[in-house]
Amino acid sequence: MSASNRPIYVTRPHLPPLKEFVDHLERIWASGVLTNRGPMHRQLEDELARHLGVGHVALFNNGMQALVTALQALELKGEVITTPYSFVATTHAIVWNDLVPVFVDVEPGGFNIDAGRIAAAITERTCAIMPVHCYGWPCDVERIAATAQRFGLKVIYDSAHAFGVRIGGRSVLEHGDLSVLSFHATKVFNTFEGGAIVCPNAEIKARIDRLKNFGIRDEDHIEAVGLNGKMNEVQAAFGLVQLRHIDAAIERRGTVCERYRELLAGTAGIELPRSDRSVQWNHAYFPVRVREPYPISRDALYERLHNNGIIARKYFYPLLSELPMYRNLPSAAPANLPNATRLAREVLCLPLYPELTEADVERIVGIIRVPERFP
Ligand code: T4K
(Lines give C-alpha, C1' and ligand atoms only; values in the text may rest on other atoms or scores of the structure.)
Protein backbone atom coordinates (compact mmCIF):
# COMPACT_ATOMS: atom_id res chain seq x y z
CA MET A 1 0.00 0.00 0.00
CA SER A 2 1.46 3.36 -0.99
CA ALA A 3 1.73 6.26 1.43
CA SER A 4 -0.98 8.11 -0.50
CA ASN A 5 -3.73 5.53 0.08
CA ARG A 6 -2.86 3.82 3.37
CA PRO A 7 -5.55 4.35 6.05
CA ILE A 8 -5.03 7.23 8.45
CA TYR A 9 -6.70 6.57 11.80
CA VAL A 10 -8.04 9.17 14.22
CA THR A 11 -5.11 8.34 16.45
CA ARG A 12 -2.14 6.01 16.75
CA PRO A 13 -0.37 5.22 20.00
CA HIS A 14 2.94 6.96 20.45
CA LEU A 15 5.52 4.18 20.82
CA PRO A 16 8.84 4.93 22.52
CA PRO A 17 12.05 3.16 21.39
CA LEU A 18 11.53 -0.60 21.85
CA LYS A 19 15.03 -1.07 23.28
CA GLU A 20 14.20 1.17 26.27
CA PHE A 21 11.08 -0.89 26.98
CA VAL A 22 12.99 -4.18 26.69
CA ASP A 23 15.55 -2.91 29.21
CA HIS A 24 12.71 -2.35 31.67
CA LEU A 25 11.23 -5.78 30.90
CA GLU A 26 14.59 -7.37 31.77
CA ARG A 27 14.41 -5.69 35.19
CA ILE A 28 10.91 -7.11 35.72
CA TRP A 29 12.15 -10.60 34.75
CA ALA A 30 15.03 -10.26 37.20
CA SER A 31 12.80 -9.08 40.06
CA GLY A 32 10.03 -11.66 39.61
CA VAL A 33 7.53 -9.00 40.71
CA LEU A 34 4.78 -8.74 38.09
CA THR A 35 2.06 -6.75 39.85
CA ASN A 36 0.62 -5.59 43.23
CA ARG A 37 2.46 -2.28 43.69
CA GLY A 38 5.85 -3.43 42.48
CA PRO A 39 8.91 -1.20 42.03
CA MET A 40 7.94 0.04 38.53
CA HIS A 41 4.46 0.93 39.80
CA ARG A 42 5.85 2.92 42.72
CA GLN A 43 8.40 4.67 40.51
CA LEU A 44 5.77 5.65 37.95
CA GLU A 45 3.48 7.07 40.65
CA ASP A 46 6.34 9.26 41.92
CA GLU A 47 7.52 10.34 38.47
CA LEU A 48 4.00 11.16 37.29
CA ALA A 49 3.25 13.25 40.40
CA ARG A 50 6.44 15.23 39.71
CA HIS A 51 5.86 15.52 35.98
CA LEU A 52 2.22 16.59 36.33
CA GLY A 53 2.88 18.89 39.29
CA VAL A 54 0.28 17.23 41.54
CA GLY A 55 0.25 15.90 45.10
CA HIS A 56 -0.32 12.15 44.78
CA VAL A 57 -1.08 9.68 41.99
CA ALA A 58 -2.79 6.29 42.41
CA LEU A 59 -2.32 4.15 39.31
CA PHE A 60 -5.09 1.95 37.86
CA ASN A 61 -5.45 -0.74 35.21
CA ASN A 62 -7.74 1.55 33.20
CA GLY A 63 -9.57 4.87 33.43
CA MET A 64 -13.04 3.36 33.92
CA GLN A 65 -12.03 1.44 37.08
CA ALA A 66 -10.37 4.61 38.33
CA LEU A 67 -13.60 6.58 37.81
CA VAL A 68 -15.65 3.91 39.62
CA THR A 69 -13.21 3.90 42.53
CA ALA A 70 -12.99 7.71 42.76
CA LEU A 71 -16.76 7.93 43.23
CA GLN A 72 -16.70 5.03 45.70
CA ALA A 73 -13.88 6.60 47.74
CA LEU A 74 -15.99 9.71 48.41
CA GLU A 75 -18.87 7.57 49.82
CA LEU A 76 -21.55 9.29 47.76
CA LYS A 77 -25.31 8.66 47.74
CA GLY A 78 -27.93 10.19 45.47
CA GLU A 79 -27.57 12.22 42.27
CA VAL A 80 -24.44 13.26 40.39
CA ILE A 81 -24.56 16.18 37.96
CA THR A 82 -22.63 15.45 34.78
CA THR A 83 -22.32 16.16 31.07
CA PRO A 84 -24.06 14.23 28.30
CA TYR A 85 -21.15 15.00 25.92
CA SER A 86 -18.49 12.43 26.78
CA PHE A 87 -17.43 8.82 26.40
CA VAL A 88 -19.77 6.21 27.93
CA ALA A 89 -17.36 5.49 30.81
CA THR A 90 -18.31 8.78 32.49
CA THR A 91 -21.99 7.93 33.04
CA HIS A 92 -21.41 4.20 33.46
CA ALA A 93 -19.05 4.88 36.40
CA ILE A 94 -21.80 6.86 38.15
CA VAL A 95 -24.31 4.03 37.71
CA TRP A 96 -21.79 1.36 38.84
CA ASN A 97 -21.87 3.20 42.19
CA ASP A 98 -25.71 3.06 42.40
CA LEU A 99 -25.79 6.82 41.86
CA VAL A 100 -28.17 8.63 39.48
CA PRO A 101 -26.72 10.75 36.66
CA VAL A 102 -28.32 14.15 36.08
CA PHE A 103 -27.38 15.70 32.74
CA VAL A 104 -26.67 19.42 32.39
CA ASP A 105 -26.15 20.96 28.95
CA VAL A 106 -22.74 22.03 27.61
CA GLU A 107 -21.74 25.67 27.32
CA PRO A 108 -22.60 27.51 24.09
CA GLY A 109 -19.58 27.50 21.78
CA GLY A 110 -17.66 24.99 23.94
CA PHE A 111 -17.48 21.29 24.69
CA ASN A 112 -17.73 21.23 28.51
CA ILE A 113 -20.59 21.32 31.00
CA ASP A 114 -22.14 24.79 31.31
CA ALA A 115 -21.03 25.76 34.82
CA GLY A 116 -23.69 28.47 34.90
CA ARG A 117 -26.48 25.89 34.62
CA ILE A 118 -25.33 23.51 37.35
CA ALA A 119 -27.04 25.29 40.27
CA ALA A 120 -30.47 24.98 38.62
CA ALA A 121 -30.07 21.16 38.45
CA ILE A 122 -29.22 20.75 42.16
CA THR A 123 -31.81 19.03 44.37
CA GLU A 124 -31.68 17.79 47.96
CA ARG A 125 -30.43 14.45 46.56
CA THR A 126 -27.44 15.96 44.72
CA CYS A 127 -24.16 14.80 46.23
CA ALA A 128 -21.54 15.58 43.56
CA ILE A 129 -20.62 17.07 40.21
CA MET A 130 -18.67 15.04 37.65
CA PRO A 131 -17.58 17.31 34.79
CA VAL A 132 -15.28 16.24 31.95
CA HIS A 133 -12.38 18.28 30.57
CA CYS A 134 -13.52 17.29 27.10
CA TYR A 135 -10.70 16.92 24.53
CA GLY A 136 -8.35 18.13 27.29
CA TRP A 137 -9.92 21.58 27.24
CA PRO A 138 -10.33 22.80 30.88
CA CYS A 139 -13.80 23.27 32.36
CA ASP A 140 -14.72 26.51 34.11
CA VAL A 141 -13.03 25.15 37.25
CA GLU A 142 -13.44 28.31 39.35
CA ARG A 143 -17.19 28.56 38.83
CA ILE A 144 -17.66 24.83 39.41
CA ALA A 145 -15.67 25.08 42.66
CA ALA A 146 -17.80 28.04 43.81
CA THR A 147 -21.06 26.18 43.11
CA ALA A 148 -19.78 23.03 44.83
CA GLN A 149 -18.77 25.01 47.88
CA ARG A 150 -22.07 26.89 48.02
CA PHE A 151 -24.11 23.65 48.00
CA GLY A 152 -21.65 21.39 49.85
CA LEU A 153 -21.01 19.06 46.90
CA LYS A 154 -18.00 16.95 45.94
CA VAL A 155 -16.36 17.44 42.54
CA ILE A 156 -14.78 14.56 40.63
CA TYR A 157 -13.24 15.55 37.33
CA ASP A 158 -13.17 13.04 34.51
CA SER A 159 -9.77 14.20 33.23
CA ALA A 160 -9.32 11.23 30.89
CA HIS A 161 -8.20 13.62 28.12
CA ALA A 162 -6.34 16.16 30.26
CA PHE A 163 -2.85 14.69 30.79
CA GLY A 164 -0.40 17.54 31.39
CA VAL A 165 -2.90 20.36 30.88
CA ARG A 166 -2.22 23.53 32.88
CA ILE A 167 -4.11 26.78 33.41
CA GLY A 168 -2.02 29.78 34.38
CA GLY A 169 0.90 27.43 35.04
CA ARG A 170 -1.06 25.20 37.48
CA SER A 171 -2.12 21.63 36.69
CA VAL A 172 -5.80 21.37 35.87
CA LEU A 173 -5.69 17.99 37.65
CA GLU A 174 -5.41 19.71 41.02
CA HIS A 175 -8.96 21.00 40.77
CA GLY A 176 -11.84 19.14 42.38
CA ASP A 177 -11.77 16.60 45.20
CA LEU A 178 -10.37 13.97 42.84
CA SER A 179 -9.34 13.95 39.21
CA VAL A 180 -9.21 10.84 37.02
CA LEU A 181 -6.89 10.17 34.06
CA SER A 182 -7.00 7.53 31.33
CA PHE A 183 -3.80 6.03 29.91
CA HIS A 184 -5.56 4.01 27.19
CA ALA A 185 -3.63 3.34 23.98
CA THR A 186 -5.55 6.14 22.25
CA LYS A 187 -4.54 8.78 24.80
CA VAL A 188 -1.75 11.39 24.79
CA PHE A 189 0.15 9.36 27.41
CA ASN A 190 -0.54 5.63 27.41
CA THR A 191 0.34 2.46 29.27
CA PHE A 192 -1.48 0.17 26.75
CA GLU A 193 -4.49 0.25 29.11
CA GLY A 194 -4.26 2.29 32.28
CA GLY A 195 -5.46 5.18 34.37
CA ALA A 196 -4.90 7.09 37.57
CA ILE A 197 -6.59 9.08 40.29
CA VAL A 198 -4.91 12.34 41.26
CA CYS A 199 -5.36 12.67 45.04
CA PRO A 200 -4.86 15.80 47.18
CA ASN A 201 -3.35 13.99 50.19
CA ALA A 202 -1.71 10.76 51.34
CA GLU A 203 -4.76 9.66 53.40
CA ILE A 204 -7.18 9.57 50.47
CA LYS A 205 -4.52 7.95 48.28
CA ALA A 206 -4.06 5.20 50.90
CA ARG A 207 -7.82 4.60 50.95
CA ILE A 208 -7.95 4.49 47.14
CA ASP A 209 -4.97 2.09 47.10
CA ARG A 210 -6.94 -0.25 49.36
CA LEU A 211 -10.13 0.08 47.28
CA LYS A 212 -8.27 -0.83 44.08
CA ASN A 213 -6.88 -3.93 45.84
CA PHE A 214 -10.24 -5.56 46.72
CA GLY A 215 -10.62 -3.31 49.81
CA ILE A 216 -7.86 -5.21 51.62
CA ARG A 217 -6.42 -3.33 54.61
CA ASP A 218 -4.02 -6.06 55.74
CA GLU A 219 -3.86 -9.85 55.83
CA ASP A 220 -6.52 -10.01 58.52
CA HIS A 221 -8.88 -7.20 57.49
CA ILE A 222 -10.98 -6.40 54.41
CA GLU A 223 -12.60 -3.00 54.94
CA ALA A 224 -14.70 -2.39 51.80
CA VAL A 225 -16.17 -3.96 48.64
CA GLY A 226 -13.23 -2.93 46.48
CA LEU A 227 -12.41 -4.09 42.99
CA ASN A 228 -9.22 -5.20 41.26
CA GLY A 229 -7.99 -2.00 39.66
CA LYS A 230 -4.25 -2.52 39.92
CA MET A 231 -1.85 -1.54 37.15
CA ASN A 232 0.71 -4.30 36.49
CA GLU A 233 4.49 -3.91 36.19
CA VAL A 234 4.60 -4.21 32.38
CA GLN A 235 2.11 -1.36 32.01
CA ALA A 236 4.05 0.73 34.53
CA ALA A 237 7.34 0.01 32.73
CA PHE A 238 5.85 1.21 29.46
CA GLY A 239 4.65 4.36 31.24
CA LEU A 240 8.12 5.06 32.64
CA VAL A 241 9.68 4.78 29.21
CA GLN A 242 6.98 6.87 27.61
CA LEU A 243 7.28 9.62 30.17
CA ARG A 244 10.82 10.32 28.93
CA HIS A 245 9.47 11.17 25.49
CA ILE A 246 6.12 12.76 26.33
CA ASP A 247 7.11 16.42 26.05
CA ALA A 248 8.43 15.93 22.52
CA ALA A 249 5.30 13.96 21.57
CA ILE A 250 2.98 16.72 22.85
CA GLU A 251 5.03 19.35 21.06
CA ARG A 252 4.72 17.44 17.80
CA ARG A 253 0.94 17.16 18.33
CA GLY A 254 0.90 20.95 18.71
CA THR A 255 2.69 21.35 15.37
CA VAL A 256 0.10 19.15 13.65
CA CYS A 257 -2.73 21.25 15.18
CA GLU A 258 -1.07 24.46 13.98
CA ARG A 259 -0.84 23.05 10.47
CA TYR A 260 -4.55 22.11 10.52
CA ARG A 261 -5.35 25.65 11.68
CA GLU A 262 -3.31 27.22 8.89
CA LEU A 263 -4.65 25.00 6.14
CA LEU A 264 -8.32 25.00 7.25
CA ALA A 265 -8.54 28.70 8.13
CA GLY A 266 -11.27 30.37 6.12
CA THR A 267 -12.98 27.12 5.04
CA ALA A 268 -16.63 28.18 5.22
CA GLY A 269 -18.64 25.97 7.60
CA ILE A 270 -15.62 24.37 9.28
CA GLU A 271 -15.28 25.80 12.81
CA LEU A 272 -11.90 25.16 14.40
CA PRO A 273 -11.37 24.52 18.13
CA ARG A 274 -10.60 27.71 20.03
CA SER A 275 -7.15 28.42 21.38
CA ASP A 276 -6.27 30.38 24.50
CA ARG A 277 -2.76 31.39 25.52
CA SER A 278 -3.46 31.04 29.27
CA VAL A 279 -4.11 27.31 28.76
CA GLN A 280 -1.17 24.97 28.28
CA TRP A 281 -3.14 22.44 26.22
CA ASN A 282 -2.01 18.89 25.41
CA HIS A 283 -3.41 18.78 21.84
CA ALA A 284 -5.29 15.60 22.68
CA TYR A 285 -7.93 15.85 19.93
CA PHE A 286 -8.67 18.11 16.97
CA PRO A 287 -12.48 18.51 16.93
CA VAL A 288 -13.98 20.59 14.11
CA ARG A 289 -17.64 21.61 13.87
CA VAL A 290 -19.21 21.05 10.47
CA ARG A 291 -22.16 23.39 9.92
CA GLU A 292 -23.79 25.62 7.36
CA PRO A 293 -22.63 26.90 4.88
CA TYR A 294 -20.40 23.80 4.54
CA PRO A 295 -21.71 22.07 1.39
CA ILE A 296 -22.34 18.63 2.98
CA SER A 297 -23.36 17.37 6.44
CA ARG A 298 -20.96 16.16 9.14
CA ASP A 299 -22.06 12.57 8.47
CA ALA A 300 -21.52 12.97 4.73
CA LEU A 301 -18.04 14.39 5.35
CA TYR A 302 -17.29 11.47 7.70
CA GLU A 303 -18.33 9.04 4.92
CA ARG A 304 -16.34 10.94 2.29
CA LEU A 305 -13.21 10.83 4.45
CA HIS A 306 -13.68 7.12 5.22
CA ASN A 307 -14.13 6.32 1.51
CA ASN A 308 -10.73 7.91 1.03
CA GLY A 309 -8.97 6.09 3.86
CA ILE A 310 -9.25 8.81 6.52
CA ILE A 311 -10.76 7.26 9.62
CA ALA A 312 -11.96 10.39 11.46
CA ARG A 313 -14.34 9.79 14.39
CA LYS A 314 -17.64 11.24 15.62
CA TYR A 315 -16.50 11.67 19.22
CA PHE A 316 -19.00 12.06 20.98
CA TYR A 317 -21.99 10.73 19.12
CA PRO A 318 -24.49 9.52 20.16
CA LEU A 319 -24.94 11.68 23.24
CA LEU A 320 -24.90 9.72 26.50
CA SER A 321 -28.42 11.01 27.19
CA GLU A 322 -29.59 9.32 23.96
CA LEU A 323 -28.34 5.84 24.93
CA PRO A 324 -31.04 3.26 25.71
CA MET A 325 -30.07 2.93 29.37
CA TYR A 326 -30.10 6.71 30.01
CA ARG A 327 -32.67 8.23 27.66
CA ASN A 328 -35.57 7.83 30.10
CA LEU A 329 -33.93 9.95 32.78
CA PRO A 330 -35.84 13.26 33.19
CA SER A 331 -32.64 15.25 32.56
CA ALA A 332 -32.03 13.38 29.28
CA ALA A 333 -34.82 15.17 27.38
CA PRO A 334 -33.31 16.78 24.24
CA ALA A 335 -35.09 20.04 25.09
CA ASN A 336 -32.91 20.17 28.23
CA LEU A 337 -29.71 19.69 26.21
CA PRO A 338 -29.92 21.80 23.02
CA ASN A 339 -26.20 22.73 22.83
CA ALA A 340 -24.98 19.17 23.37
CA THR A 341 -27.53 17.82 20.90
CA ARG A 342 -26.21 20.18 18.22
CA LEU A 343 -22.56 19.42 19.06
CA ALA A 344 -23.04 15.67 18.77
CA ARG A 345 -24.39 16.16 15.25
CA GLU A 346 -21.71 18.61 14.12
CA VAL A 347 -18.36 17.53 15.57
CA LEU A 348 -15.81 15.43 13.77
CA CYS A 349 -12.44 14.61 15.36
CA LEU A 350 -9.69 14.72 12.77
CA PRO A 351 -6.65 12.41 12.91
CA LEU A 352 -4.09 13.67 15.40
CA TYR A 353 -0.95 11.94 16.67
CA PRO A 354 2.76 12.73 16.73
CA GLU A 355 3.68 10.60 13.72
CA LEU A 356 1.08 12.19 11.42
CA THR A 357 3.11 13.63 8.55
CA GLU A 358 2.80 16.92 6.73
CA ALA A 359 1.66 14.97 3.64
CA ASP A 360 -1.02 13.20 5.74
CA VAL A 361 -2.38 16.53 6.98
CA GLU A 362 -2.44 17.92 3.44
CA ARG A 363 -4.26 14.82 2.20
CA ILE A 364 -6.93 15.19 4.93
CA VAL A 365 -7.34 18.93 4.45
CA GLY A 366 -7.52 18.50 0.67
CA ILE A 367 -10.69 16.43 1.06
CA ILE A 368 -12.26 18.74 3.67
CA ARG A 369 -11.67 21.88 1.60
CA VAL A 370 -13.29 20.54 -1.59
CA PRO A 371 -15.36 17.48 -0.67
CA GLU A 372 -17.19 17.61 -4.03
CA ARG A 373 -14.03 16.37 -5.77
CA PHE A 374 -13.94 13.09 -3.82
CA PRO A 375 -16.14 9.97 -4.04
N1 T4K B 1 -13.66 9.14 30.29
C2 T4K B 1 -13.50 9.65 29.07
C3 T4K B 1 -13.89 11.07 28.83
C4 T4K B 1 -12.95 8.87 28.05
O5 T4K B 1 -12.79 9.39 26.81
C6 T4K B 1 -12.55 7.55 28.33
C7 T4K B 1 -11.99 6.71 27.29
C8 T4K B 1 -12.73 7.05 29.64
C9 T4K B 1 -13.29 7.89 30.59
C10 T4K B 1 -12.37 5.66 30.03
O11 T4K B 1 -10.98 5.44 30.03
P12 T4K B 1 -10.43 3.94 29.74
O13 T4K B 1 -11.17 3.00 30.64
O14 T4K B 1 -10.62 3.64 28.28
O15 T4K B 1 -8.97 4.06 30.13
C16 T4K B 1 -11.54 4.83 22.58
C17 T4K B 1 -10.89 4.29 23.82
O18 T4K B 1 -11.07 2.90 23.99
C19 T4K B 1 -11.29 4.97 25.08
O20 T4K B 1 -10.21 4.81 25.99
C21 T4K B 1 -11.51 6.46 24.89
N22 T4K B 1 -12.01 7.11 26.07
C23 T4K B 1 -12.44 6.72 23.73
C24 T4K B 1 -12.67 8.19 23.50
O25 T4K B 1 -11.86 6.18 22.57
P26 T4K B 1 -12.85 3.63 20.67
O27 T4K B 1 -13.91 2.59 20.75
O28 T4K B 1 -13.07 4.81 19.82
O29 T4K B 1 -11.41 3.00 20.32
P30 T4K B 1 -10.94 2.29 18.97
O31 T4K B 1 -10.49 0.92 19.30
O32 T4K B 1 -11.98 2.44 17.92
O33 T4K B 1 -9.64 3.13 18.60
C34 T4K B 1 -9.70 4.37 17.88
C35 T4K B 1 -8.58 4.35 16.84
O36 T4K B 1 -7.32 4.34 17.49
C37 T4K B 1 -8.59 3.16 15.92
O38 T4K B 1 -9.30 3.46 14.76
C39 T4K B 1 -7.11 2.93 15.60
C40 T4K B 1 -6.37 3.56 16.76
N41 T4K B 1 -5.79 2.57 17.66
C42 T4K B 1 -6.54 2.07 18.70
C43 T4K B 1 -5.98 1.15 19.57
C44 T4K B 1 -6.79 0.58 20.71
C45 T4K B 1 -4.50 2.16 17.44
O46 T4K B 1 -3.86 2.62 16.48
N47 T4K B 1 -3.94 1.26 18.30
C48 T4K B 1 -4.62 0.73 19.36
O49 T4K B 1 -4.08 -0.08 20.12
O50 T4K B 1 -12.63 4.07 22.20
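This one's a predicted model, so the numbers in the text were calculated from it and none came from an experiment.

Student: With reference to specific residues and values, describe the sheet that holds strand S2 (residues 56–60).
Tutor: Strand order in the open sheet made by the seven strands is S2-S10-S9-S6-S5-S3-S4, with mixed pairing throughout. The open sheet terminates on both sides in strands that have one partner only, identified here as S2 and strand S4 (100–103). Neighbour to neighbour, the strand axes of the sheet diverge by 25° on average, direction disregarded. In this structure, strand S3 (residues 79–82) lies alongside S4, joined through four bridges in parallel fashion. Bridging across to S4, Ile81 finds its partner in Val102. Its contacts with the sheet put helix H2 (residues 39–52) on S2 and strand S9 (178–182), and the angle it makes with S2 is roughly 130°. In the packing of helix H5 (residues 141–151) onto the sheet, contacts are made with strand S5 (126–130) and strand S6 (154–158), and the angle to S6 comes to roughly 150°.

Student: Tell me about the site of the ligand, and name the residues and values.
Tutor: The local shell around the ligand holds 27 residues, among which Arg12, Asp158, His161, Ser182 and Tyr315 are the closest. Contacts to the ligand include His161, whose side-chain N or O atom sits 2.7 Å from an oxygen atom. At 3.3 Å from an oxygen atom of the ligand is found a side-chain nitrogen or oxygen belonging to His184. Of all the elements in the fold, those that place two or more residues in the shell around the ligand are helix H3 (63–73) and helix H4 (89–96). Among the elements that take part in the shell around the ligand, H3 stands out by supplying three residues, more than any other. The residue makeup of the shell around the ligand, split by class, is 13 nonpolar, 10 polar and four charged. Looking at which domains feed residues into the shell around the ligand, each of domain 1 (18–241) and domain 2 (246–373) supplies at least three.

Student: Mind laying out the pattern of salt bridges, listing which residues take part and the relevant values?
Tutor: When the charged atoms of two side chains lie near each other, side chains of opposite charge can form a pair. Summed over all chains, the structure comprises 27 salt bridges. Between Lys19 and Asp23 there is a salt bridge, and its shortest N-O distance comes to 2.9 Å. Of the two residues, Lys19 and Asp23 are both situated in helix H1 (residues 18–31); the distance of four residues between them amounts to about one turn of the helix. Take Lys19: its relative accessible area is 56%, and that puts it in the exposed class. Taking the shortest distance from any N to any O, the salt bridge between Glu124 and Arg125 comes out at 3.3 Å.

Student: Lay out the sheet that holds strand S14 (residues 279–280) with the relevant residues and their values.
Tutor: With antiparallel pairing, three strands are arranged side by side in an open sheet as S8-S7-S14. In this open sheet, the two edge strands, each paired with only one partner strand, are strand S8 (170–171) and S14. Relative to S14, strand S7 (residues 166–167) runs antiparallel, the two sharing two bridges. Paired with Ile167 across the two strands is Val279, which belongs to S14.

Student: So what about the packing of helix H8 (residues 298–307) against helix H10 (residues 358–369)? Which residues, and what values?
Tutor: At a minimum axis separation of 10 Å, H8 and H10 run at an interaxial angle of 135°. Here H8 is positioned oblique relative to H10, judged by the angle of their axes. Where H8 crosses over H10, the handedness of that crossing is right-handed. Residues Leu301, Arg304 and Leu305 of H8 touch H10, and the partners they reach there are Ile364, Ile367 and Ile368. The residue inventory of the contact of H8 with H10, partitioned by class, reads five nonpolar, no polar and one charged.

Student: I'd like a description of the domain arrangement of the chain, backed by residues and values.
Tutor: Segmenting the chain into domains produces domain 1 (18–241) and domain 2 (246–373). Of the residues lining the interface, 38 residues belong to domain 1; the matching set on domain 2 comes to 36 residues. Its largest share of buried area at the contact with domain 2, domain 1 owes to Phe103, Tyr135 and Trp137, together 24% of the area lost on that side. Glu107 is the partner of Arg274 in a salt bridge, and the nearest nitrogen-oxygen pair spans 3.7 Å.

Student: Outline the state of the cysteines, listing residues and values.
Tutor: With the rule as written, the count across this model stands at zero disulfides. No disulfide involves Cys139; its sulfur sits 8.6 Å from that of Cys134, the nearest cysteine. A relative accessible area of 5% means that Cys139 is categorised as buried. Sulfur of Cys199: no disulfide; nearest cysteine sulfur belongs to Cys127 and is 19 Å away.

Student: Can you explain empty space enclosed by the protein? Please cite residues and give values.
Tutor: According to the stated counting rule, one finds one cavity of 30 Å³ or more in the structure shown. Here the largest cavity is characterised by a volume of approximately 60 Å³. In this structure, the largest cavity is lined by Phe111, Cys134, Tyr135, Trp137, Pro273, Arg274, Trp281, Tyr285 and Pro287.

Student: Go over the pairing of S6, please, and point to the residues and values.
Tutor: Taken across its five residues, S6 has four buried, putting it largely inside the fold. With two bridges joining them, S5 and S6 adopt parallel strand pairing. What sits directly across from Ala128, in S6, is Lys154. In this fold, S5 hands off to H5, which returns the chain to S6; that crossover is right-handed. In terms of strand pairing, S6 meets S9 through three bridges, oriented parallel. Residue pairing in the sheet places Ile156 in a bridge with Leu178 of S9.

What counts and how
Residues numbered from 1 in each chain as written. Predicted model: local features only at pLDDT ≥ 70, side-chain atom pairs only at ≥ 80, totals over all residues. Heavy atoms only, no water. Pairing = 2+ DSSP bridges. Helix = DSSP H or I, 4+ residues; strand = E, 2+ residues; numbered from the N terminus. Axes fitted to C-alpha atoms, helices over the stretch in contact; angles between N-to-C directions. Contact = heavy atoms within 4.5 Å. Near = heavy atom within 4 Å. Polar contact = N/O pair within 3.5 Å; in protein donor to acceptor, adjacent residues only side chain to side chain. Nonpolar A, V, L, I, M, F, W, Y, C, P; charged D, E, K, R; others polar. Domains from an automatic or database assignment. Salt bridge = Lys/Arg side-chain N within 4 Å of Asp/Glu carboxyl O. Buried < 20%, exposed > 50% of the residue type's maximum accessible area, 1.4 Å probe, protein only. Parallel < 35°, antiparallel > 145°, perpendicular 65-115°, else oblique. Left-handed = near helix turned anticlockwise from the far one by under 90°. Buried area = accessible area lost by both parts, 1.4 Å probe. Disulfide = S-S within 2.5 Å. 1 Å grid on protein atoms, 1.4 Å probe; cavity = no way out; pocket = protein on both sides within 12 Å on 5 of 7 lines; lining within 4 Å. Points joined across faces, edges and corners; volume = space filled by probe spheres on them. Right-handed = clockwise from strand over helix to strand, strands pointing away.

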